[in-house]
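Structural overview for review
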Amino acid sequence: MSDETVRNVFVIGLDEANLPTLQEVPGADQLRFHQLLTIEELQVGEVDLPALFDKARAVLDAFDGSIDAIVGYWDFPVSTLVPMLSERYGTRSTSLESVVKCEHKYWSRLEQQKVTDRHPRFGQVDLSAEPPRPPEGVNYPMWLKPALSYSSELAFGVDDEEEFHKAVSEIRGGISRIGRPFEHILERLDLPPEMNGVGGRVCLAEESLSGVQVAVEGYVHEGEVTVYGVLDSIQYPDSPCFLRHQYPSMLPAPAIAQLHDVSERVMRQIGMDSATFSIEYFYDPRTQEINLLEINPRHSQSHAELFHYVDGVPNHHCMVRLALGEDPRMPHREGEYAMAAKWYHRWFTDGVVRRVPGPEEIARIERETPGVRIEVVPAQGDRLSDLPGQDSYSYELAHIYTGGADEAELRAKFDHCVAALGLAFEDAPAEADAPRK
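Quick look at the structure, then. Note that this is a predicted model, so its numbers are computed, not measured. (Residues numbered from 1 in each chain as written. Predicted model: local features only at pLDDT ≥ 70, side-chain atom pairs only at ≥ 80, totals over all residues. Heavy atoms only, no water.)

Moving on: the overall build of the protein chain. Regarding its fold elements, the protein chain presents 13 helices and 17 strands. Taking the principal axes of the C-alpha coordinates as reference, the protein chain spans close to 65 × 50 × 45 Å. In the protein chain, buried positions account for 57% of the 437 residues. In the protein chain, once contacts between residues fewer than 6 apart in sequence are set aside, the share between residues at least 24 apart is 70%. Distance from the positive charge centre (40 side chains) to the negative charge centre (72 side chains) of the protein chain: 1 Å. (Helix = DSSP H or I, 4+ residues; strand = E, 2+ residues; numbered from the N terminus. Buried < 20%, exposed > 50% of the residue type's maximum accessible area, 1.4 Å probe, protein only. Contact = heavy atoms within 4.5 Å. Lys, Arg positive; Asp, Glu negative; His and termini not counted. Charge placed at Lys NZ, Arg CZ, Asp CG, Glu CD.)

It is worth spelling out the sheet that holds strand β7 (residues 203–207) at this point. A sheet is described by the order of its strands in space; here four strands give the open sequence β4-β7-β5-β6, paired in antiparallel fashion. Sheet topology places β4 (122–125) and β6 (156–158) at the edges, where each strand pairs with a single neighbour. Between one strand and the next, the sheet's axes are offset by a mean angle of 30°, whatever the strand orientation. Taken together, the three bridges between strand β5 (residues 142–146) and β6 define a ladder with antiparallel strand orientation. From the neighbouring strand, Leu144 faces β6, where its bridge partner is Phe156. Contacting β4, β5 and β7, helix α6 (residues 105–112) crosses the sheet at an angle of about 150° to β4. (Pairing = 2+ DSSP bridges. Axes fitted to C-alpha atoms, helices over the stretch in contact; angles between N-to-C directions.)

What follows is about empty space enclosed by the protein. In total, this model carries four cavities of 30 Å³ or more according to the counting rule given. When its volume is computed, the largest cavity comes out at roughly 210 Å³. In this structure, the largest cavity is lined by 19 residues; those nearest its centre are Gly72, Val82, Ser274, Ala275 and Thr276. Here the residues of the lining of the largest cavity sort into 11 nonpolar, six polar and two charged. (1 Å grid on protein atoms, 1.4 Å probe; cavity = no way out; pocket = protein on both sides within 12 Å on 5 of 7 lines; lining within 4 Å. Points joined across faces, edges and corners; volume = space filled by probe spheres on them. Nonpolar A, V, L, I, M, F, W, Y, C, P; charged D, E, K, R; others polar.)

What follows is about the environment of Glu41. When you line up the elements, Glu41 lands in helix α2 (residues 39–43). Overall, the relative accessible area of 31% leaves Glu41 in the partly exposed class. Expressed as a C-alpha distance, the spacing of Glu41 and Gly13, which sit 28 residues apart in the sequence, is 8.5 Å. In contact with Glu41, other than residues within four places in its own chain, are Leu52 and Lys55. One polar contact links the side chain of Glu41 to the main-chain amide nitrogen of Thr38, over a distance of 2.8 Å. A distance of 3.1 Å separates polar atoms of two side chains, one belonging to Glu41 and the other to Lys55. (Polar contact = N/O pair within 3.5 Å; in protein donor to acceptor, adjacent residues only side chain to side chain.)

Time to look at helix α7 (residues 161–174). Counted at 1.5 Å a residue, the expected span for α7 with its 14 residues is 20 Å, and the 20 Å between its end C-alpha atoms agrees. Buried residues of α7: Phe164, Ala167, Val168 and Ile171, and no others. Around the axis of α7, the buried residues are gathered within 105° of arc, so they sit on the same side. Set apart from the buried face of α7 by more than 90 degrees, the exposed residues are Glu162, Lys166 and Gly173. On the buried face of α7, the contacting elements are β4, β5, β6 and β7. The distance from a side-chain oxygen at the start of α7 to the backbone nitrogen of Glu162 is 3.3 Å, and the residue carrying that oxygen is Asp160. (Expected span 1.5 Å × (residues − 1). Arc of directions from axis to C-beta.)

Of all hydrophobic cores here, the largest spans 52 residues; its most connected members are Ile12, Phe33, Leu81 and Leu85. In terms of residue count, helix α4 (residues 78–89) provides more of this core than any other element does, six residues in total. Beyond its immediate sequence surroundings of up to four residues, Ile12 is in contact with Leu36, Leu37, Leu42, Ile70, Val71, Gly72, Trp74, Val78, Leu81, Val82 and Leu85. Among the nonpolar cores identified, the runner-up in size contains 24 residues, and Val230, Ala255, Ala275 and Ile295 belong to it. (Core = buried A, V, L, I, M, F, W, Y, C linked by side-chain atoms within 4.5 Å.)

Along α6, eight of the eight residues are buried, which leaves the element largely enclosed by surrounding structure. Listed as buried for α6 are Lys105, Tyr106, Trp107, Ser108, Arg109, Leu110, Glu111 and Gln112. Buried residues in α6 make contact with α5 (96–103), β4, β5, β7, α9 (253–270) and β12 (289–296).

Okay, the sheet that holds strand β16 (residues 395–404) next. Here we have eight strands laid out as an open sheet, ordered β12-β11-β8-β9-β10-β13-β16-β15, and antiparallel in their pairing. Each of the sheet's edge strands pairs with one partner strand only, and the pair in question is β12 and β15 (372–376). With strand direction ignored, the average angle separating the axes of adjacent strands in the sheet is 20°. Direction of pairing for strand β8 (residues 212–221) relative to strand β9 (residues 224–235): antiparallel, over a ladder of nine bridges. Counterpart to Ala215 in the pairing with β9 is Leu231. Lying over the sheet, α9 contacts β8, β9, β11 (275–284) and β12, oriented at roughly 40° with respect to β12.

The next point concerns the packing of aromatic side chains. Tallying each qualifying case throughout the model produces 12 aromatic pairs. Centroid distance Tyr247 to Phe307: 4.4 Å. Interplanar angle 45°. Geometry classified as tilted. Placement of the pair is Tyr247 in strand β10 (residues 242–247) and Phe307 in helix α10 (residues 304–311), with a sequence separation of 60 residues. There is no split in this pair, since Tyr247 and Phe307 are both buried. Taken together, the ring pairs connect Tyr219, Tyr228, Tyr247 and Phe307 into an aromatic cluster. (Phe/Tyr/Trp six-rings, centres within 6.5 Å; stacked < 30°, edge-to-face > 60°.)

Take a look at the structure:
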């Protein structure tokens, strides 16, 4: 195929795990995917947004060919770099303001409450106050989190004043890593009066929600909001950490209808267009009510394989087609399996990794168990508490994707893979132990 017929898609933070899935999107034989910045450059240490922007520009300016699309499926800084670079190079994306209205959790709540009451009570926490206090009208149990974060980093569930102060101390120490560089973004926008003086290093308190967690995947194309999938997010027992994401959702039809309605109203209010989104909710089976947890201004790459298994096309398809100005519609139930799940094999105490399976061993497990894909997170010799991007309660050891006829088959494949991987650990040195909540 000649270079004239190939379109170049630059993927900010393109990683080895997602490249095979991207290459499964329809028409991929006419696309060439290029990495634009590495995961390490984007997510390790404090983010230097101007430096990342300049580094990406240097790559694009040196490219001898057409720049047909600039896309990404990670949170900040990727989510904000996409519209910034798209504006500069004339490619299609949503506006920077619409992305920030999703990513800045406090601003996002202000927008949500204009069109729905399906969200928890919330408010700002003054991190400079001594002693710090919960915002008026927000009651325990609650969650404390920076307005900007990803992978639940520095997010703490607190039940009383003692836990509140401990969480504030942790957040004070780490909030600048993402909050400070995000202030460069806020300076580029014409902020509404209610955002004056808020900045990027604000702490949000929200009353805890109860029920089961669900995720809505969708996109906005030419102003029309489309929801194409709802997934169940199932947690480990007595833990806020995900055990698996499962598609399609098992919720009753009226709940699914509520999720569609609120998602469409909120995304119209935010003003997103030519982009994908993923919204997390809680559904309370007792009251049959939903509550919006947070909006992500990108689709979830964690769900790509699940849509591929069930619908026949990974949800990367929507991201790519929107960026190319084409029809982003997804097929429905045309995949090989009736259900699919992404499982999180976790460890809840610190340790040092003493054995991980190699690529050939992982490939053998995948061959022997159809409908399975495995990603091991740590390397041999890693200390779990040194792994980047972990939540406040656990360590991810492996991501295991399974497709099957029903939930029992999904679980059986997961259990088989965990046993076959043979991950082994030893206790971390006691004198360096980092306490985990």
